[in-house]
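# A look at the structure
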Amino acid sequence: MKETDSTLDINAVETYLNSHLDGFHGPLKATKFTVGQSNPTYLLSTPNEAYVLRRKPPGVLLKSAHAVDREFRVMSALAGSNVPVPKVHLLCEDDRVIGSAFYVMEYLQGRTFVDPVMKGEDNTTRTGVIDEMNRVLAELHMVDIDAVGLSDYGPPGNYFERQIARWTKQYRASETETIPDMNQLIAALEHQVPEDDNQRTLVHGDYRIDNLMFETNGTGCIGVLDWELSTIGHPYADLAAVIMQWQLPPGKEGRGLAGVDRENLGLPTDRAFVANYCARRGIPAIENFGFYLAFNFFRMAGILQGVYKRALDGNASDPKRAQAFGAYVPIFAQHGLSALRSEA
């Protein structure tokens with residue numbers, strides 16, 4: 001969905017693109033995509049071409065958040081790989097142009113699915129899309145990070161220790177009230193971090209069906225989007241993120257598969273999806289998967305808390321929706337604690 005947005009200086013964007021983007025010809029029109037809470041995203045239209053602009057939001061931001069420069073770098077590195085990404089055109093880190101850093105990329109012609117139920121699609125499509133989602137995830141984790149120039153894209157060491165520390169800090173910086181379950185989850189995760197198994201791969205950080213674009217008339221993935229949380233880390237974080245989403249309720253808000261008759265819809269079980277992933281990567285079954293699932297519930301709770309805090313501060317991309325996110329933080333914390341107590 002798109003809407004007009006008066007906060008983007010269209011004239012400044014057009015002037016900049018005239019000077020920096022080969023083949024650009026105005027006049028320029030911009031409409032804002034209503035989906036997404038972190039980095040405001042716009043469709044840029046000219047008489048002959050369409051582009052996408054993604055920018056940091058205005059206002060005071062948490063350190064290391066909204067890293068559009070990292071998104072630009074990773075998509076540039078993946079061009080021509082087995083991981084489909086849009087072509088990126090340029091990065092502007094000069095805040096004086098429109099008030100914050102931004103990049104411009106290709107506008108992909110395809111379709112997206114809001115949730116894994118894929119209402120209105122047939123079983124063949126559902127099965128094909130989810131299998132393609134699985135294939136692309138395995139390909140992502142098999143990218144040679146040295147060959148594509150991303151070996152320094154994340155620090156060395158235990159990824160989960162680093163991420164738990166980072167998101168705990170982010171959560172504390174955005175904390176608006178004491179949530180006992182969140183405090184308990186943080187303590188439990190810190191205590192149960194698995195030993196480092198030396199798997200060090202590119203990870204997306206927010207891998208889910210609505211961040212993928214598929215062929216208009218097929219099930220092939222043509223683009224993985226929203227790389228803001230990407231880094232070099234542990235692949236099981238991405239894999240568990242998919243399963244985390246599926247354990248939420250179906251529908252507009254949860255966008256999950258809890259209680260859904262998956263077999264009747266042509267959708268795999270959690271275990272089947274994980275097994276197919278492992279087979280594609282040629283790795284053994286994953287032990288202690290509950291930890292990785294709990295980690296994802298914790299991180300998502302931290303993200304939602306940040307969105308909620310930005311809404312209170314007046315800096316959210318979609319203020320009304322962002323305010324509602326605060327109520328979900330304790331729910332995600334509870335799910336995280338449950339995941340630690342049982343295998344997914």
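Please refer to the structure higher up on the page.
Residues numbered from 1 in each chain as written. Predicted model: local features only at pLDDT ≥ 70, side-chain atom pairs only at ≥ 80, totals over all residues. Heavy atoms only, no water.

## Here we look at the environment of P330
Spelled out, the test is: Under the DSSP-based scheme used, a helix requires at least four consecutive residues in state H or I and a strand at least two consecutive residues in state E, with every element numbered from the N terminus. Exposure categories follow from relative accessible area, calculated using a 1.4 Å probe and restricted to protein chains: below 20% of the type maximum is buried, above 50% is exposed, and the middle band is partly exposed.
Tracing the chain through its elements places P330 in helix α11 (residues 329-341). By relative accessible area, which is 24% here, P330 ends up partly exposed. It is 35 Å that separates the C-alpha atoms of P330 and M142, two residues lying 188 residues apart in sequence.

## Focus: the nonpolar core
Note the cut-off: Remark: nonpolar core denotes a set of buried residues (Ala, Val, Leu, Ile, Met, Phe, Trp, Tyr, Cys) joined through side-chain atoms within 4.5 Å. Whether two residues are in contact is decided by their heavy atoms: any pair within 4.5 Å suffices.
One finds L202, W227 and F298 to be the most contacted residues of the largest nonpolar core, which totals 87 residues. The element that contributes the greatest number of residues to this core is helix α9 (residues 289-313), accounting for 13 residues. Once you skip the residues sitting within four places of it in the chain, L202 turns out to touch V74, L78, L140, H141, I145, L150, Y153, W227, T231, I232 and D238. Counting 19 residues, the second-largest nonpolar core is a separate cluster that includes Y16, A30, C92 and F102.

## Quick look at the packing of helix α3 (residues 123-141) against helix α8 (residues 270-281)
Selection criterion: Lines fitted to C-alpha atoms define the axes here, with helix axes fitted over just the stretch in contact, and angles between the N-to-C directions of these axes take values from 0 to 180 degrees. Orientation is classified from the angle alone, with under 35 degrees giving roughly parallel, over 145 giving roughly antiparallel, 65 to 115 giving roughly perpendicular, and any other angle giving oblique. For a crossing to be left-handed, the near helix must be turned anticlockwise from the far one by less than a right angle; the clockwise case is right-handed. Only Asp, Glu, Lys and Arg are considered charged, only Ala, Val, Leu, Ile, Met, Phe, Trp, Tyr, Cys and Pro nonpolar, and every remaining residue, Gly among them, polar.
Direction vectors running N to C along α3 and α8 enclose 45°, while the axes themselves pass 9 Å from each other. Here α3 is positioned oblique relative to α8, judged by the angle of their axes. As for how α3 packs across α8, the hand of that crossing is right-handed. For the pair formed by α3 and α8, the contact residues are I130, D131, N134, R135, L137, A138 and H141 on the first element and F273, N276, Y277, R280 and R281 on the second. Residues that form the contact of α3 with α8 fall into these classes: 5 nonpolar, 3 polar and 4 charged.

## Quick word on the pattern of salt bridges
This is how the line gets drawn: Salt-bridge detection follows one rule: a side-chain nitrogen of Lys or Arg within 4 Å of a carboxyl oxygen of Asp or Glu.
Across all of its chains, the model carries 13 salt bridges by this definition. With its nearest N and O atoms 3.9 Å apart, the salt bridge here joins R208 to D206. Here the salt bridges do not stand alone but share partners, grouping D206, R208, D210 and R255 into one network.

## Quick notes on the packing of aromatic side chains
How we decide: Only the six-membered ring of Trp is used, alongside the rings of Phe and Tyr, when aromatic pairs are assigned; centres must lie within 6.5 Å, and planes under 30 degrees apart are stacked while those over 60 apart are edge-to-face, with the rest tilted.
Counted by the stated rule, this structure contains 16 aromatic pairs. With a centroid separation of 5.1 Å and an interplanar angle of 85°, the aromatic rings of F160 and F295 are classed as edge-to-face. Of the two residues, F160 sits in helix α4 (residues 159-174) while F295 sits in helix α9, which places them 135 residues apart along the sequence. On the accessibility criterion, F160 (3% relative accessible area) is buried. Here the aromatic rings of F295 and F298 are separated by 6.4 Å at their centres, their planes lie at 50°, and the arrangement is tilted. Here F295 and its partner F298 are both found in helix α9, 3 residues apart, which amounts to about one turn of the helix.

## Regarding unusual backbone geometry
P27 follows G26 through a cis peptide bond whose omega is 5°. Among the structural elements, P27 can be located in the loop between α1 (10-20) and β2 (29-33). In this structure, N198 takes a positive phi of about 70° despite not being glycine. Take N198: it is sitting in the loop between α5 (180-191) and β7 (201-203). Judged by relative accessible area, which is 70%, N198 ranks as exposed. One non-glycine residue, D226, lies in the positive phi region at around 60°.

## Quick look at the environment of P250
Summarising the element assignment, P250 is placed in the loop between α6 (235-246) and α7 (262-265). Measuring from C-alpha to C-alpha, the distance between P250 and F291 comes to 23 Å, with 41 residues separating the pair along the chain. Beyond its immediate chain neighbours, meaning those up to four positions away, P250 contacts V117, R255, G256, A258 and V260.

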